[in-house]
Structures are given as C-alpha cells and as structure tokens.
Amino acid sequence: MRKAIALLAAAAAVAALGGASASAASGTGPDGADLVDTGQGKLDWSSCSDTATPALQCAMLDVPVDYGDPRGRKIKIKLNRLPATAPKDKQQGPILLNPGGPGDSGLWMPAYISGQIPADVASTYDWIGFDPRGTNGSDPHVVCDAHYFDAERPDYQLSQGTSKAWLKKAAGYAADCAADWSWLLPHMTTVDNARDMDSIRRALGVPKINFYGGSWGTSLGSTYGQLFPSHVRRMVLDSIVGPTISWYDHNILQDKEHQRRFDAFAAWTAKADSVYHLGADAEAVKKAYYQVEDALRKDPADAAPAPGKIGPAEFEDTFYGGGYNFLRWPRMATVLSAYLTQHDTRPLTIAYNKYAAPGADDGTFPAYNAAQCTENAWPRDWESWKKDQAKVNDAAPFYAYNNMWYNAACMFWPYQGNPAGRLKITGKGLPPVLLFQATEDAATPYEGGLAMHDALPGSKLVVQNGGSFHEILFHGNTCLDDTFTAYLRDGSLPQGKGRIAKTCAPEADPTPVYVTPPPATAKALTAAPERLTPGDPEAVRGVLR
C-alpha cells in the first residue's frame with residue numbers, strides 16, 4: 001500500500017478535479033449547445049473474430065476525459081455492433097444498449113437481444129454494445145485493490161465485531177483508487193457516460209439514436225434524454241431507478257425489498273418440505289439459513305475451484321442473488337438442505353462458484369463507486385451510518401449489513417458527493433418513452449418505475465404485477481416481449497390511460513427440485529470457476545447493489 005501522505009495528496013487532487021467537473025456538467029444546456037464538438041475520434045470497425053456471431057464488428061472510440069475540455073486528454077471506449085441487414089429504406093438506425101451496473105459490459109447485448117425478437121424487426125437496427133468508460137475492454141481499465149473481494153472476507157454482521165476490519169478495507173479501497181486514478185475518477189459519473197453516448201452518436205454520423213437500458217442503464221438513458229432530447233428517436237427503460245432518490249436512500253429501499261424476496265423464498269421452500277426437509281413454515285426455513293451461516297463462522301467450507309474459503313460473507317453473497325432471479329431458488333434450497341440434513345457442502349461450493357466467486361476485475365466496482373459516491377452526498381461518518389443501518393437491520397436483516405459494507409467506500413470517497421443530488425429529469429422535448437417495471441423487483445423497487453413515469457410526460461409504463469425478475473424483458477414472457485417488439489417495429493405503444501398503461505402477469509414459481517451435485521472429481525476441483533453467461537436462465541443481468 002502506498003504511503004498515507006501520497007494518498008491524501010491524491011485525494012485532494014481528486015476533490016479539486018471533481019469540483020471542476022461538476023461545474024462543467026451543470027453549466028451545459030439541453031443538447032450540449034455549448035459543446036459544438038465533443039472532440040471524439042472516429043470509428044474504424046473491424047471483425048470481432050467472434051465465431052458464434054461472425055457479423056459482429058468491433059471498434060475503439062476516443063472520447064475526452066473531461067467534456068468541459070473536449071480537446072484535452074482522451075480515453076477510449078470499446079464498442080461492438082451487429083449491423084442492420086434489412087434494405088436501406090427499412091433500416092431504423094442504431095440502438096445503443098446498456099445492461100446496468102454501473103459499469104457492466106454491454107458487449108454481449110447486440111447478439112443476444114437481437115436474437116430475442118423477430119428477425120424482421122431485429123434486422124432493421126444496428127445493435128450497438130459498449131463498455132462504459134474505465135471498465136472492461138475500454139482503455140484505461142480502472143482497477144483499485146484487485147484483491148478487495150478475495151475470500152474469506154470479514155463477516156458482514158456488526159454483532160461479530162468486524163466493523164473495524166470493514167472500515168479499514170473500505171477506506172483503503174477509496175485511497176487506492178485515489179492514488180492511481182485521481183485524474184479520471186471525477187469524470188466517471190452517469191452524466192459523463194451519457195455524454196460518451198452522444199460521442200458515439202456523433203461518430204456514427206446519425207442525428208438520432210434509439211436506446212435500451214436496464215437497471216442503472218435506466219438512469220443512463222434518462223440522463224441522456226435530459227441532456228440530448230432532440231437526439232432520441234426511441235427509448236426503452238427496463239427495471240427503473242427512480243430519477244430523484246439519492247443512492248444512499250435507494251440502497252435502503254433495496255434492503256427492504258430483498259427482505260421481502262427472502263421471505264418469499266422461505267415460504268416457497270416451506271411448501272416443498274417433502275423435497276428439502278427444512279420445515280413446513282417459512283420461519284423454520286429462515287432459521288435453517290441462519291443456522292448454516294453460523295456454522296460457517298466456526299468452520300468455513302472449501303471454495304475450490306475458487307480460491308479461499310466460504311465463510312458467512314461468501315455465504316450471504318451466494319444467496320442475495322435469489323432476490324434478482326427466483327430461478328435460483330431450487331439450488332439455494334438444496335444448499336441448505338444438503339448442509340443440514342446430509343452434512344454435504346458440495347451444493348454450497350457449486351452455488352458459490354456459479355453465483356458469487358469473484359472473477360477477473362472488470363472495472364465495474366470502481367465505476368460503481370465513482371458514479372454513486374459522487375452523484376449525491378453520502379454520510380461521511382461511521383456513527384451516522386451505524387445509527388441509520390441499525391434501524392434498517394431491525395426491519396430487513398437479510399441484506400442490510402451486506403449492502404451497507406458493499407457501499408461503504410462512499411464514506412471515504414475522495415470526491416465529495418454533489419449536495420444538489422442527481423441530475424433532475426423532466427423529459428422535456430423527449431418522444432414517448434416505453435417503461436417496464438416489476439412490482440417485486442428487489443434491486444430497482446417498484447416506486448422507481450412510477451416516479452420515472454411521472455417525470456417523463458408522454459411515457460408509457462408497463463407493469464408486471466407480481467413479477468420479480470430484475471430486468472424483466474427476455475425471460476419468455478410474451479406479454480412483455482411483444483410490447484417491446486411492437487415499439488421497436490413501428491413505435492406502437494400501449495394505449496392504456498393513467499400511470500399504468502398495461503399490466504402483464506408474472507412467470508410461475510420454479511418447480512421445487514433437489515439439485516443433485518455431480519460426482520466430485522480432481523479435474524472439477526482444479527478447473528476455473530463456472531461463470532453464468534447472460535443467456536443462462538439463472539443469470540442475473542444488470543446487477544445494481
């Protein structure tokens with residue numbers, strides 16, 4: 001770790017740069033009228049050499065670090081595209097895609113999403129994926145403390161006396177970011193990423209773009225629409241971040257919704273007591289969950305092929321994703337059943353490797369912090385956090401402290417959050433925007449969808465009543481997917497009046513099955529951890545924690 005004095009100097013530099021960036025962003029009018037030229041480079045497309053999708057093309061685009069100084073230092077954004085194949089007179093231009101994060105890669109999206117809709121519609125668009133600035137294949141790729149998530153991490157629960165260890169980790173992470181990235185951190189906000197989208201539009205040489213975004217991508221899309229309304233042709237927002245809520249308060253909403261989803265999992269498991277043998281009521285299942293967690297405090301499980309051990313923190317991370325995707329519930333219930341009824345840790349190890357084991361650092365966590373810690377003010381002292389989160393924990397213990405420590409770097413972030421809050425969204429000048437929201441979404445709670453509809457006059461809100469997927473499109477629900485397709489086909493929108501223009505039914509709960517682990521082999525123990533692809537039914541897309 002670098003010397004403390006160097007870290008403090010870097011933090012001060014970040015604060016100074018951040019103030020300039022915030023001023024530049026707030027001084028621009030709609031459509032960036034004061035930025036005649038963003039200083040972006042040109043796109044030189046070449047084959048991505050993707051054997052699964054040979055038509056996929058890749059490029060890098062130069063964009064300015066600071067849009068207040070468009071001729072200054074440049075960074076590169078990685079893009080790919082699946083070109084339209086329809087006749088020229090049928091083509092509808094580029095559709096930019098973002099899955100959320102903040103910071104998640106969008107390069108998987110052109111091939112995947114275009115394949116989810118009828119070919120006669122998909123062929124009319126140029127499908128554009130990109131890696132947000134500082135992440136994944138973009139250049140530079142920001143890395144801060146690459147071992148931050150290594151197992152076994154300190155226990156999340158305050159009752160276990162690990163607060164000092166977590167505070168030290170979070171402060172060290174923020175300082176490590178400041179030491180190397182003070183020149184870029186203040187320029188990784190949602191506004192900066194929205195301006196990158198307009199640089200992409202300029203480089204594509206088109207007057208308007210279409211956009212699909214999920215999770216944080218809904219904040220990115222609505223921000224782009226606020227800054228550049230005349231450059232939007234069509235826009236779809238799926239699983240929506242409320243346009244005004246602070247990120248700190250948004251996390252508290254998430255905690256409460258994750259508790260509801262955990263309660264739903266416990267009730268589902270209890271109904272299948274003949275399969276899992278954990279008890280016939282939800283409270284018995286919850287007791288089983290905490291019994292396993294407590295056992296792992298005393299005797300962590302082997303994580304192989306992932307390195308390290310599975311302690312209580314890793315155990316919690318294995319389970320929280322069930323709030324995003326209930327198709328994980330059979331495997332989650334099997335983990336508890338195997339551990340408690342057969343003393344078998346193999347299902348836990350498999351689930352941890354599939355759902356929670358850290359992979360290569362893709363820059364998403366630095367991007368997450370750089371956006372959320374700086375877009376609005378956060379409490380900067382531990383006592384305030386401890387007091388607030390104790391109240392949350394009383395109502396929502398399943399996720400409260402897990403989520404708190406995930407966001408704790410904002411307590412120490414070297415750039416003070418904007419006291420004015422996130423960019424105000426009014427929808428002025430935008431065409432009708434199509435919104436999708438599930439009522440039981442834990443990551444982007446239902447209130448966000450309603451608030452975004454209220455903020456965007458002319459928008460149409462489609463609600464999946466009882467749905468709980470995070471990002472609800474492309475799970476085989478024809479009511480949802482056909483609405484998306486109709487809008488992309490010719491701009492058709494649901495005709496319902498009021499706040500909810502259309503309601504769709506949820507998917508059925510998964511069938512309870514005991515997920516028997518495959519036989520253990522030496523090869524399996526030494527192989528790389530299995531990673532879920534975005535197309536896997538159990539995958540979680542656009543994670544917003």
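In case you missed it, the structure is sitting above this.
Along each chain, the written sequence defines residue order, and numbers are assigned to residues from 1. Selection of residues for local features in this predicted model requires a pLDDT of at least 70, selection of side-chain atom pairs for listing and counting requires 80 or more, and totals for whole chains, interfaces and linings are taken over all residues. Hydrogens and water are ignored here; the side-chain numbers use all heavy atoms of the structure.

Participant: Looking at this structure, I do not really get unusual backbone geometry. What am I missing?
Facilitator: Most peptide bonds adopt trans geometry, and most residues besides glycine take a negative phi value. In the segment running from Asp139 into Pro140, the intervening peptide bond is cis, with an omega of 5°. Cis geometry marks the peptide bond from Ala304 to Pro305; its omega dihedral reads 15°. Inspection of the secondary structure puts Pro305 in the loop between strand S8 (301-302) and strand S9 (309-310). Even without being a glycine, Asp145 presents a positive backbone phi close to 45°. Going along the chain from the N terminus, every DSSP run of H or I of four or more residues is numbered as a helix, and every run of E of two or more is numbered as a strand. Counting through the fold element by element, Asp145 comes out in the loop between strand S5 (126-130) and helix H4 (163-181). What makes Asp145 partly exposed here is its relative accessible area of 25%. Each residue is placed in one exposure class: buried if its accessible area under a 1.4 Å probe, protein chains only, is under 20% of its type's maximum, exposed if it is over 50%, and partly exposed if it falls in between.

Participant: Even after reading the chapter, I still don't get the state of the cysteines, so can you show me in this structure?
Facilitator: By definition, a disulfide links the sulfur atoms of two cysteine residues through a covalent bond. By convention in this document, the label disulfide applies to cysteine sulfur atom pairs within 2.5 Å. Inspection of every chain in the model, using the stated rule, returns four disulfides. For Cys48, the disulfide goes to Cys58, at an S-S distance of 2.0 Å. What sets the handedness of the Cys48 and Cys58 disulfide is the S-S torsion sign, and at about 115° it is right-handed. Of this pair, Cys48 sits in the loop between strand S1 (46-47) and strand S2 (57-64) while Cys58 sits in strand S2, and the two are ten residues apart along the sequence. A residue is classified by how much of its surface remains accessible, and Cys48, at 21% relative accessible area, is partly exposed. Cys58 sits in the buried class, given a relative accessible area of 18%. Residue Cys144 pairs covalently with Cys177 via a disulfide, S to S 2.1 Å.

Participant: Got a minute to help me understand the packing of helix H10 (residues 312-320) against helix H12 (residues 346-355) in this structure?
Facilitator: Angle between the axes and distance between the axes are the two parameters that describe a pair of packed helices. In this analysis an axis means a line fitted to C-alpha atoms, helices contributing only their contacting stretch, and an angle means the value between N-to-C directions, from 0 to 180 degrees. At a minimum axis separation of 9 Å, H10 and H12 run at an interaxial angle of 70°. The angle between H10 and H12 falls in the class roughly perpendicular. In the crossing of H10 with H12, the sense of the turn from one axis to the other is left-handed. Contact residues: H10 offers Glu314, Phe315 and Thr318, while H12 offers Leu348, Ala351, Tyr352 and Tyr355. Each residue belonging to the contact of H10 with H12 can be placed in one class, and the counts come to five nonpolar, one polar and one charged. In what follows, roughly perpendicular refers to angles from 65 to 115 degrees, roughly parallel to angles under 35, roughly antiparallel to angles over 145, and oblique to any angle outside these ranges. Left-handed describes a crossing whose near helix is turned anticlockwise from the far helix by less than a right angle; the clockwise case is right-handed. Contacts were defined at the residue level, with two residues in contact if any of their heavy atoms lie within 4.5 Å. Classification convention: Asp, Glu, Lys, Arg as charged; Ala, Val, Leu, Ile, Met, Phe, Trp, Tyr, Cys, Pro as nonpolar; all other residues, Gly among them, as polar.

Participant: Just checking my understanding: could you explain the packing of helix H11 (residues 329-342) against H12 for this structure?
Facilitator: Interhelical geometry of H11 versus H12 gives an angle of 145° and a closest axis separation of 8 Å. Here H11 runs over H12; the crossing is left-handed. Contacts from Arg331, Thr334, Val335 and Ala338 of H11 reach H12 at Pro347, Leu348, Ile350, Ala351, Lys354 and Tyr355. Considered class by class, the residues forming the contact of H11 with H12 number seven nonpolar, one polar and two charged.

Participant: Explain the pairing of strand S11 (residues 460-464) here, please?
Facilitator: The side chains of a regular strand alternate, first on one face of the sheet and then on the other. A large share of S11 lies buried, amounting to five of its five residues. We call two strands paired when DSSP finds no fewer than two bridges between them. Here strand S10 (residues 434-438) runs beside S11; their pairing, made up of five bridges, is parallel. The residue of S11 that forms the bridge with Gln437 is Val463. Taking the sense of rotation as the criterion, the β-α-β connection linking S10, helix H16 (residues 446-455) and S11 turns out right-handed. Relative to strand S12 (residues 502-504), S11 runs parallel, the two being bridged by three bridges. Looking at the pairing, Val463 lines up with Thr503 of S12. A crossover gets the label right-handed when its path from the first strand over the helix to the second runs clockwise, viewed with the strands pointing away from the viewer. Once you follow S11 into helix H17 (residues 478-490) and on to S12, the crossover reads as left-handed.

Participant: Looking at this model, I keep getting lost on the pattern of salt bridges. Mind explaining?
Facilitator: Note on pairing: side chains with opposite charge can pair once their charged atoms come close. The term salt bridge refers to a side-chain nitrogen of Lys or Arg lying within 4 Å of a carboxyl oxygen of Asp or Glu. Tallied over the entire structure, the rule returns 21 salt bridges. Between Arg153 and Glu314 there is a salt bridge, with its nearest N and O atoms 3.6 Å apart. Residue Arg153 is located in the loop between S5 and H4, and its partner Glu314 is located in helix H10; the two are separated by 161 residues in the primary sequence. Residue class for Arg153 comes out buried when judged on its relative accessible area of 6%. Across the salt bridge formed by Arg545 and Asp317, the nearest N and O atoms sit 3.9 Å from each other. With a gap of 228 residues between them, Arg545 in the segment after helix H18 (522-526) and Asp317 in helix H10 connect regions that are remote in the sequence. Each of the two residues, Arg545 as well as Asp317, counts as buried. One network of salt bridges, in which partners are shared, links Asp155, Glu293, Asp294, Arg297 and Lys298.

Participant: It is not clear to me how the sheet that holds strand S6 (residues 209-215) should be interpreted in this structure. Could you clarify?
Facilitator: Each strand in a sheet pairs with its neighbour through backbone hydrogen bonds, running either in the same direction (parallel) or in the opposite one (antiparallel). Spatial ordering of the open sheet is given by S1-S2-S3-S5-S4-S6-S7-S10-S11-S12, a layout of ten strands whose pairing is mixed. For this open sheet the edge positions go to S1 and S12, each flanked by a neighbour on one side alone. Taken together, the four bridges between strand S3 (residues 74-82) and S5 define a ladder with antiparallel strand orientation. Its bridge partner lying in S5, Leu82 is registered against Trp127. Helix H5 (residues 190-204) rests against S2, S3, strand S4 (94-98), S5 and S6 of the sheet, and its axis sits at about 120° to S2. Where H16 meets the sheet, it contacts strand S7 (232-240), S10 and S11, and its direction lies at approximately 160° from that of S10.

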